[in-house]
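# Coordinate analysis (summary)
Now for the letters of each chain:
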Amino acid sequence: MTGRALFDVNKLNAVLELEPFLLSLAKKPNPITLTQCHQIHAKLIITQCISQTHLANTLLSFYSKSSNFHHAHQLFNKMPHRNVITWTTLISSHLKYGSVPKALEMFNQMRGSDERPNEYTFSVLLRACDNRDFWSVGLQIHGLLVRYGLDRDKFAGSSLVYMYFKGGNDLMDTLNVFNGLLERDVVAWNVMISGFAQVGDFRMVQWLFSDMREVHGLKPDNSTFVSLLKCCSLLQEVKQIHGLMYKFGAENDVVVESVMVDLYAKCGDVSSCRRIFDSMEEKDNFVWSSMISGYTMNSRGEEAVRFFKNMCRQRVKLDQHVLSSTLKACVEIEDLNTGVQVHGLMIKNGHQNDCFVASVLLTLYAGFGELGDVEKLFRRIDDKDIVAWNSMILARARLGHGSSHSMQLLQELRRTTLLQIESGTLVAVLKSCENESDLLAGRQLHSLIFKSSLCHHTLVGNALVHMYSECRLIDDAFKAFVDIEWKDDSSWSSIIGTYKQNGMELEALELCKEMLNEGVNFTSYSLPLCFSACSQLSAICEGKQLHVLAIKSGYNRDVYVGSSIIDMYAKCGNIEESENVFSEQLEPNEVIFNAMICGYAHHGKAKEAIEVFGKLEKNGVAPNHVTFLTLMSACSHAGYVEETLHFFTLMFDKYKIKPKSEHYSSLVDAYGRAGRLEEAYQIVQKDGSESAWRTLLGACRNHNNTEIGEKSAMKMIEMNPSDHAPYILLSNIYNGEGKWEEAVKCREKMAKIHVKKDPGSSWLA
């Protein structure tokens, strides 16, 4: 008895010594190695503690976590005593490593051994049956759960709710299971909130969240807030959830903060994104990508590129999402150099053949006309998806090679792949049909679209309208417009723009009225087209009505709508209203300033135009070539020769804007109106464009300067022999000088080479 008692005491001491040691190993973040498992196993055998079930279970867990199932099963088979934890440990491990059939086999053996499964056993099994492949098994386990009286258990019930949510077809079945639980933990509530958030039933999400907090008194956790944030589409909603997160202390979780950054970016509040980002102690790839994407989608590409460079300095691992967002920023700001550097990083990080990133890189290279690089990149992409093909087709369309190259690529796509041609593919090819020479290809595409029943699709229909408009086939464009089943703002804008561009402003205005009658609201894209039609028709009454609609819809302060309103009033003769609209603009950019300067130029108010330019510079707005063209035109028509020359020089010297032929023509016009034809002749020789020579020839006719007029006319005839203008203008100069014979010879030469003067036209019958 004494020896046995001494043995039991020694064994007890061994157990007391081993338990803390095993507990410390279990808490380690990394799984222990097979060698360590063997050492522990040996010590348990030496100390005769292997028969202690709870110690053997711990060793079994170690073997399982290190995926050593052979040794785990050897230990399991030799255990003299097994309990529910023994079986559940092995079943759970098989499920963790994806061996569901083996886990189910072990579960059947457990039931055959008369070991009663508990709520934890059922929980791990139900989590494994969360897809359609094991749905029938999950239903059987649900039946067993009811049989054992555990169907309303809090722990097992949460897993049951999860299984119905992930594997079932009807969310209401999940709700019925959820409602049947006697006690629900936060996990079960989160499953339900997440489920209804994913299907877009935001009212149900709101009810569940309120019931969880106010009726059951449960505190929402980070998963709850992530689900709630998925329901947000407006900035105000995001801010409300953000306030609740702050109240419950969940705003410091990296997952929640990352989702917040992403949502604020999508809602356009980049400053809030940056504040959250800067406050984060831990930043993962997703949050860096969200920041870069946020800057890009909010037209702040330069900041996105700077942010990316800072990310590289921090040595954050680059994934395809970060690289793609940065390349999109490079496309926006037309930064080829940074794009090439990103391309190098793509190769370094093993993403050079990634379809997702390469598709954006294609767009960047195409924007700079790098066709060779585009072709090489496209051919190297592994497993090209339809997005990559669409990007390549768009790249060829953007390079302006007409429809032939895009059609060849479409044929290759259909011939060599099994990819389904979608609407985006057809839209991409249609964009390459840019003039009458591409009409045959456009009609072939229309036939393919008609056969595939995609002509009713909004995006495809809009592209067809645009294609026929580019080919100047107005009736066909209208037929394509009529075929669109769901006409959006872009559909109406396309057909209105088609009529306006082809001189059919009255018909364009009629379509504006029809658009409103159909219940389609104007946007910042369609309104400028309508105002432009009013400008061409001098239809100030209709323009005023549209102005009222713009104010009601809140678009009157949009820069493009505002500039079109200013232009409309100016061209309709009401410069005072143009001034009023200009003064209402809160943050005018160069488009608004240009519209006001152009309005003053149209009314011959050069001094006022110069004053507006002064305000532009004072506001720190950078002028563009249009600004200087309208200023020079205003000064030229007012006889301000020196001022015209001053703005021409300012444009080149201070703002580094290279003058175009229109600027030279305007400068020539200023000197020509002042009768300073020799100086005008010196200027036009530097430019040499047809419009500049035409302007000089017109000035020679006004001032009866035969010598320079003849030189100008000869130069124009040399540049464009079929143009009637130089013959008519030179003939008028000869008539003004009384040189009747030369005038007759000029007219005879026109007849000889079959050049005819275009007939005049008038609105008056």
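In this text, all values refer to a predicted model and were calculated from it rather than measured experimentally.

What counts, and where the lines are drawn
All residue numbers here refer to positions counted from 1 along the written sequence of the relevant chain. With pLDDT at 70 or above as the cut-off, local features in this predicted model cover only qualifying residues; side-chain atom pairs require 80 or more to be listed or tallied, and sums for whole chains, interfaces and linings still use all residues. As a convention, hydrogens and water are excluded, and side-chain values are obtained from all of the structure's heavy atoms. Helix and strand assignments follow DSSP, with helices taken as H or I runs no shorter than four residues and strands as E runs no shorter than two, numbered in order from the N terminus. Contacts between residues were defined by any pair of non-hydrogen atoms, one from each residue, lying within 4.5 Å. Note on areas: Shrake-Rupley, 1.4 Å probe, and residue coverage restricted to the protein chains presented here. Classification of ring pairs uses Phe, Tyr and Trp, with its six-membered ring standing for Trp, and accepts pairs whose centres are within 6.5 Å; under 30 degrees between planes counts as stacked, over 60 as edge-to-face, and the remaining range as tilted. Exposed residues in this analysis have more than 50% of their type's maximum accessible area, buried residues have under 20%, and partly exposed residues fall in between, with area computed by a 1.4 Å probe over protein chains only. A helix is expected to span 1.5 Å for every residue after the first. Read the arc as the range of directions from the helix axis to the C-beta atoms. Fitted lines through C-alpha atoms serve as axes, helices being fitted only where they are in contact, and the angles separating the N-to-C directions of these axes extend from 0 to 180 degrees. For classification, angles of less than 35 degrees are called roughly parallel, those exceeding 145 degrees roughly antiparallel, those between 65 and 115 degrees roughly perpendicular, and all remaining angles oblique. Here the term charged refers only to Asp, Glu, Lys and Arg, the term nonpolar to Ala, Val, Leu, Ile, Met, Phe, Trp, Tyr, Cys and Pro, and the term polar to all other amino acids, Gly among them. Among buried residues, the Ala, Val, Leu, Ile, Met, Phe, Trp, Tyr and Cys ones that are joined through side-chain atoms within 4.5 Å form a nonpolar core. Pairs of N or O atoms are called polar contacts if they sit within 3.5 Å, as long as, within protein, a hydrogen donor faces a hydrogen acceptor (for residues adjacent in sequence, only side-chain-to-side-chain pairs). Each residue gets a pLDDT score, which is the predictor's confidence in that residue and runs from 0 to 100. Salt bridges are defined as contacts in which a side-chain nitrogen from Lys or Arg sits within 4 Å of a carboxyl oxygen from Asp or Glu. By convention, the crossing between two helices is left-handed when the near helix turns anticlockwise from the far helix through less than a right angle, and right-handed when the turn is clockwise.

A count of helices and strands for the protein chain gives 44 helices and 0 strands. When contacts within the protein chain are restricted to residue pairs at least 6 apart in sequence, long-range pairs at least 24 apart make up 60% of them. Working note: accessible area of the protein chain is about 39,000 Å², and carbon and sulfur atoms make up 50% of it.

What follows covers the packing of aromatic side chains. Using the criterion set out here, one finds 15 aromatic pairs in the structure. Ring centres 4.9 Å apart and planes at 85° place the aromatic pair Phe-178 and Trp-189 in the edge-to-face group. Taken as a pair, Phe-178 in helix H10 (residues 171-179) and Trp-189 in helix H11 (residues 186-198) lie far apart in primary sequence, 11 residues in all. Judged by relative accessible area, Phe-178 falls into the buried class, the value being 1%. Since its relative accessible area comes to 0%, Trp-189 is described here as buried. With 4.9 Å between their ring centres and 75° between their planes, Phe-481 and Trp-492 make a pair best called edge-to-face.

This next bit is on helix H26 (residues 439-451). Helix length check: H26, at 13 residues, gives a terminal C-alpha distance of 18 Å against a target of 18 Å (1.5 Å per residue), a fit within 8%. Along H26, the residues classified as buried are Leu-439, Ala-441, Gly-442, Leu-445, His-446 and Ile-449. The buried residues of H26 occupy one face: seen down the axis, they fall within an arc of 155°. For H26, exposure combined with an orientation more than 90 degrees from the buried face picks out Leu-440 and Lys-451. Looking at the buried positions of H26, the neighbouring elements they touch are helix H24 (403-416), helix H25 (423-430) and helix H27 (458-470). Ser-453 sits one or two positions beyond H26 and adopts a positive phi of about 60°.

Further remarks concern helix H36 (residues 606-618). Helical geometry note: an α-helix holds 3.6 residues per turn, so side chains three or four residues apart project in the same direction. End to end, H36 covers 19 Å across 13 residues, agreeing with the expected 18 Å (1.5 Å per residue, within 8%). Looking only at H36, the buried set comprises Ala-606, Ala-609, Val-612, Phe-613 and Leu-616. The buried side chains of H36 occupy one side of the element, clustering within an arc of 115° when seen end-on. Away from its buried face by more than 90 degrees, H36 exposes Lys-607, Glu-611 and Lys-618. Downstream of H36 by one or two residues, Gly-620 has phi in the positive range, about 75°.

Glancing now at unusual backbone geometry. Of note in this structure, Ser-299 is not a glycine but carries a positive phi near 60°. Topologically, Ser-299 is positioned in the loop between helix H17 (285-297) and helix H18 (301-313). Despite not being glycine, Lys-656 shows a phi value in the positive range, around 55°. Here Lys-656 lies in the loop between helix H38 (641-653) and helix H39 (661-673).

Between helix H31 (residues 526-537) and helix H33 (residues 559-571), the shortest axis-to-axis distance is 9 Å and the interhelical angle comes to 10°. By the angle between their axes, H31 is roughly parallel relative to H33. Residue-level contacts link Leu-527, Pro-528, Phe-531, Cys-534, Ser-535 and Gln-536 of H31 to Tyr-560, Val-561, Ser-564, Ile-565, Asp-567, Met-568 and Lys-571 of H33. A class-by-class count of the residues in the contact of H31 with H33 yields 8 nonpolar, 3 polar and 2 charged.

A few words now on the nonpolar core. Formed by 211 residues in total, the largest nonpolar core has its most connected members in Leu-229, Ile-496 and Leu-696. Top contributing element to this core by residue count: helix H21 (residues 355-367), with 9 residues. Setting aside residues no more than four positions away along its own chain, Ile-496 makes contact with Ala-508, Leu-511, Cys-512, Met-515 and Leu-529.

Turning our eyes to something else, we now look at the side chain of Thr-425. Looking at where Thr-425 falls in the secondary structure, it is placed in helix H25. For Thr-425, the side chain forms a polar contact with the side chain of Asn-390, separated by 2.7 Å.

Further remarks concern the confidence of the model for the protein chain. Of the residues in the protein chain, 85% reach a pLDDT of 70 or more, and the chain-wide mean stands at 80. Note that pLDDT drops below 50 for residues 9-18; the model gives that stretch 16 contacts with residues more than four away or on any other chain.

Let us now look at the pattern of salt bridges. Taken as a whole and assessed by the stated rule, the structure comprises 12 salt bridges. The residue Arg-300 makes a salt bridge to Glu-303 at a minimum N-O spacing of 2.6 Å. For the salt bridge of Glu-617 with Lys-654, the shortest nitrogen-to-oxygen distance reads 3.4 Å. With a gap of 37 residues between them, Glu-617 in helix H36 and Lys-654 in the loop between H38 and H39 connect regions that are remote in the sequence. The class for Glu-617 is partly exposed, based on a relative accessible area of 29%. Exposure remark for Lys-654: the relative accessible area of 51% places this residue in the exposed category. The structure contains a network of salt bridges with shared partners spanning Glu-642, Arg-676 and Glu-679.

Turning our attention to the side chain of Ser-359. Structurally, the position occupied by Ser-359 is in helix H21. Setting aside residues no more than four positions away along its own chain, Ser-359 makes contact with Val-387, Ala-388 and Ser-391.

Moving on: the environment of Leu-150. Along the chain, the position of Leu-150 falls in the loop between helix H8 (135-147) and helix H9 (154-167). Looking at Leu-150, the relative accessible area reads 14%, which means it is buried. Along the chain, Leu-150 and Asn-118 lie 32 residues apart, while their C-alpha atoms are 8.1 Å from each other. Apart from residues lying up to four places away in sequence, Leu-150 is in contact with Pro-117, Asn-118, Glu-119, Phe-122, Leu-145 and Ala-156.

A few words on the packing of helix H5 (residues 84-96) against helix H7 (residues 119-128). One can describe the packing of H5 onto H7 by two numbers: an axis separation of 9 Å at closest approach and a directional angle of 15°. For the element pair H5 / H7, the angle class is roughly parallel. You can see that H5 and H7 cross each other, and the crossing is left-handed. Taking contact as the criterion, the partners of Val-84, Thr-88, Ile-91, Ser-92 and Leu-95 in H5 are, on H7, Tyr-120, Thr-121, Val-124, Leu-125 and Ala-128.

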